[in-house]
Amino acid sequence: MQLDSYLELFTTMYGWAFANLIGEIIVGTGLVALPFALIVFRTWHEAKDRGQGFEGVRSLLESVQTRIITALFVMSMCFATTPITSLHNVNMTYVPARSFDGSEPQAVSLKGGTRSGYDTAMADAVNGSFSKAGNLSYVPLWWYSTMAISSGVNGAFRAGLSNAGRDLRMIEDMARMATIEDPGLLYDLQRFYSECFIPARSQYLAMDKSKISPTGKALLAEGSGYGPTDVDWVGSQFFRTEAGFYPNMRSYNPVPGWAIDFSRDVEYIQTPAPEGTPEHGYVNPDWGRPTCTQWWESASTGLRDRLINNTSTWKNLTQKVQNTLTFANADEAKDSVARLGFEKANPTFVSPDRIMGDDYGTATNIGRSIVGAASTFGVANKALEASLAMIPLLNALPMVQALVLMALYTFLPLIVFLSGYDLKMMLIGAMAIFTVKFWAVMWFIARWIDARLIEAMYPGFSGSAIMQEITQVFSSGQPQLYKRMILNILLLFLFIGLPVIWTSMMTWIGYNMTAGIDDIKGGGHMANSAAQSSKAGGGKIARKIGR
């Protein structure tokens, strides 16, 4: 039996444990027989109201018999428990969502453990040690079958929907949690920003744009995979490939980890200088000065690879991005994650004036204060985005479902008893369980639609466009806020609105179904009344003929 969350594995056990405790109280006090006495009394009272008298004794006995048989059937199916349908005899499992690295998720179960904090906190749900009463895992046959059918429908629906693993919200959530904490990497990023990007950016702004190579113009063209904004970040493809920029620029000082290359580090002395020369006694530094292209993109030692592989979180994020989004090539995918990492690191240009102690003038400070006040509106925008973040909602809803199911299981015996073992409650309870269980399918549909809405909002080079948007959210840049608001509102509607609509429809169906059952019962009463009236009328006619 496949369930829909870690918590549901335990709340299912708790719910039926509480239900069995309530059932034992009802049976132990003898109240279990009370509905049968009420059935006899109610049937006799209805016969008296119809004035059947002694002529309706047979009809009365048949009605009592029918109702008692129906009540016995409902009680045996929905109230009486048996070891055959014990929860310990079924393998209740939960298959988590696909992991960040794209590997196939492994099912967890009560018997094998969930490898989560629930195993310790709720261990007594499995062994029943929280109560001295026995048989806490027994489930009546009707509810057991309802749970099994509901779980089977949910699993079949998920299996039938292809291409359902593109959860773009997961990428955004991973990006929100990822941080750069390695002080060595932060220092190197700061150096690269000051020694490579700032000079390259300044050179680009001052140059004659007509002298850009055809390849460079294609990179910066509107509609390309990189576009005009490519020159706005340190890993610019244009700066890395255009002559005169990163390929020809080098770090100002030696960079630890980079070996000396005399074909590149021409200012270093390859052979010792003879005595008497100015270079005699000169000792080369321990490390070389890489070009900015090498410093950024060299395998394993380059800053880009160090950014996207510095922790397991970043490795998983990189893998998830490559498996989920569409890019022109693997290099573009790495750039997207590295751009996010660089914004998380948030390096700034170090001003020589500030280092030397030359503070800004009064007018400059006043101007910066005004700009700082204006930036408060930007902070408000960020707060709005944070308030619309759906991740807490997505995590909370399956827990709400598990707790609602626990409440349903707990009160089912009491409701069936108080209804007088009514057939309607048997059907309504089954519909309630199926309705709540089917919420998981609604959320599965919501995630599937949400991923496609995101792709629709960012057409074309979807991978680059989506990653740039996510990067802007966590940087000082302003994202296209209206798109994010629309997507979040739509997701809110899907995750809450779909279950509400589904539950409302099932409520309407249940109401009409119970009304139909009442009509059937009413029809039976009317048939009995008609039979009695016909018998009385026939007797009167016979007496008149006899006269």
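Whatever comes next refers back to the structure up there.
Model, not experiment: these values are computed from the prediction.

Draft legend 1. Representation of the packing of aromatic side chains. For the structure shown, the criterion picks out 23 aromatic pairs. Residues Tyr 204 and Phe 239 carry aromatic rings whose centres are separated by 6.2 Å and whose planes lie at 70° to one another, so their mutual orientation is edge-to-face. Of the two residues, Tyr 204 sits in helix H8 (residues 183-206) while Phe 239 sits in helix H10 (residues 237-241), which places them 35 residues apart along the sequence. Note on Phe 239: relative accessible area 0%, which makes it buried. When the ring centre of Tyr 204 is taken as reference, the NZ or CZ atom of Lys 209 above it lies at 4.8 Å.

Draft legend 2. The arrangement of the side chain of Arg 250 in detail. Mapped onto the secondary structure, Arg 250 falls in the loop between H10 and helix H11 (292-297). For Arg 250, a relative accessible area of 17% gives the class buried. One polar contact links Arg 250 to Glu 267, side chain to side chain, over a distance of 2.8 Å. Arg 250 has contacts with Glu 195, Arg 264, Asp 265, Glu 267, Arg 289, Pro 290, Thr 291 and Cys 292, leaving out every residue within four places of it along the chain.

Draft legend 3. Inspection of helix H14 (residues 330-345) at higher detail. Compared with the 22 Å implied by 1.5 Å per residue over 16 residues, the 23 Å span of H14 between its first and last C-alpha is a close match. Those residues of H14 lying buried are Glu 332, Ala 333, Asp 335, Ser 336, Val 337, Ala 338, Arg 339, Leu 340, Gly 341, Phe 342 and Ala 345. Asn 346, located one to two residues past H14, shows a positive phi value of around 55°.

Draft legend 4. Inspection of the sheet that holds strand S3 (residues 108-109) at higher detail. In spatial order, the strands read S1-S2-S3; together these three strands make up an open sheet with mixed pairing. Every other strand in the sheet has two partners, leaving strand S1 (2-3) and S3 as the edge strands with one partner each. Here strand S2 (residues 93-94) runs beside S3; their pairing, made up of two bridges, is antiparallel. Across the sheet, Tyr 94 pairs through a bridge with Val 108, a residue of S3.

Draft legend 5. Geometry of the state of the cysteines. Applying the stated criterion to the full structure yields one disulfide. Between the sulfur of Cys 196 and that of Cys 292 lies a disulfide, 2.0 Å long from S to S. Between Cys 196 and Cys 292 the sulfur-sulfur dihedral comes to about -85°; the bridge is accordingly left-handed. Separated by 96 residues along the polypeptide, Cys 196 in helix H8 and Cys 292 in helix H11 bring together distant segments of the chain.

Draft legend 6. Region of the structure containing the environment of Asn 248. Relative to the elements of secondary structure, Asn 248 occurs in the loop between H10 and H11. For Asn 248, a relative accessible area of 53% corresponds to the exposed category. Along the chain, Asn 248 and Thr 291 lie 43 residues apart, while their C-alpha atoms are 6.5 Å from each other. In this structure the side chain of Asn 248 is engaged in a polar contact, spanning 2.5 Å, whose partner is the backbone nitrogen of Gly 244.

Quick notes on the rules
- Residues numbered from 1 in each chain as written.
- Predicted model: local features only at pLDDT ≥ 70, side-chain atom pairs only at ≥ 80, totals over all residues.
- Heavy atoms only, no water.
- Phe/Tyr/Trp six-rings, centres within 6.5 Å; stacked < 30°, edge-to-face > 60°.
- Helix = DSSP H or I, 4+ residues; strand = E, 2+ residues; numbered from the N terminus.
- Buried < 20%, exposed > 50% of the residue type's maximum accessible area, 1.4 Å probe, protein only.
- Lys NZ or Arg CZ within 6 Å of the ring centre and 35° of its normal.
- Polar contact = N/O pair within 3.5 Å; in protein donor to acceptor, adjacent residues only side chain to side chain.
- Contact = heavy atoms within 4.5 Å.
- Expected span 1.5 Å × (residues − 1).
- Pairing = 2+ DSSP bridges.
- Disulfide = S-S within 2.5 Å.

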